[in-house]
Amino acid sequence: MRHLRWLIGLTFIGLVGAVFAQWREAGKPVADTEWRKAWGNYGAMLQLTDQPDEFFAAWEKRGAGVSVHTVEIAKRGEPIVGVVLFSGCTPNNAGLCDSEAHFQIFKPDGSPYGAEEKAELWTGKPPPSEGELQLSVGAIGIRIEPQDPNGTYLVRARVLDNVSRAKIELTRTLRVDP
């Protein structure tokens, strides 16, 4: 697997999504999953998409209802992007968030595929409005190469809110077939 580091900060600086938190229904939390978790007012979800350009273009259009075409099976040579959608970061004394994500990919045998990479989640910006999702500034890119083994790869995002000290681990899997 060729591991591409994509920090898409320039694309998303200043964007505020108006997509409402999807880990709540009727204002009540839904059960946590490996890829979507909430703690207190903070919540985050890891999404993998094989249509990043379409997703990013839709995100830039303000309004509710941005959908993410998620992917569970990777096609060799095709890019996949992992992003974190979050809500509820804790502001510091200046009213600004300081949060980060640490991305890492693991091979089917469980060994790391490259080092863990730190990316900005949301830093130096006010928190999203209550109940709204925000797209992480940083992202990770993945491309399965012809020589990469078949099997299930694990994509992990460790999300850290440096103000509240909250941290959570989110994971998604990608299957690579022969």
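Residues numbered from 1 in each chain as written. Predicted model: local features only at pLDDT ≥ 70, side-chain atom pairs only at ≥ 80, totals over all residues. Heavy atoms only, no water.

S.K.: Is there a simple way to explain the overall build of the protein chain in this structure?
M.R.: From N to C terminus, the protein chain includes two helices and 13 strands. In the form shown here, the protein chain has an accessible surface area of approximately 8,700 Å², with 50% of it arising from carbon and sulfur atoms. (Helix = DSSP H or I, 4+ residues; strand = E, 2+ residues; numbered from the N terminus. Areas by Shrake-Rupley, 256 points an atom, 1.4 Å probe, with all protein chains shown as cover.)

S.K.: Explanation requested: the state of the cysteines in the structure shown.
M.R.: Throughout this description, disulfide means a covalent bond between two cysteine sulfur atoms. Scanning the model with the defined rule gives one disulfide in all. Cys-89 shares a disulfide with Cys-97; S-S distance 2.1 Å. On the sign convention where negative means left-handed, the S-S torsion of about 70° between Cys-89 and Cys-97 marks this disulfide as right-handed. In this structure Cys-89 comes out as buried when scored by relative accessible area, which is 4%. A residue is classified by how much of its surface remains accessible, and Cys-97, at 1% relative accessible area, is buried. (Disulfide = S-S within 2.5 Å. Buried < 20%, exposed > 50% of the residue type's maximum accessible area, 1.4 Å probe, protein only.)

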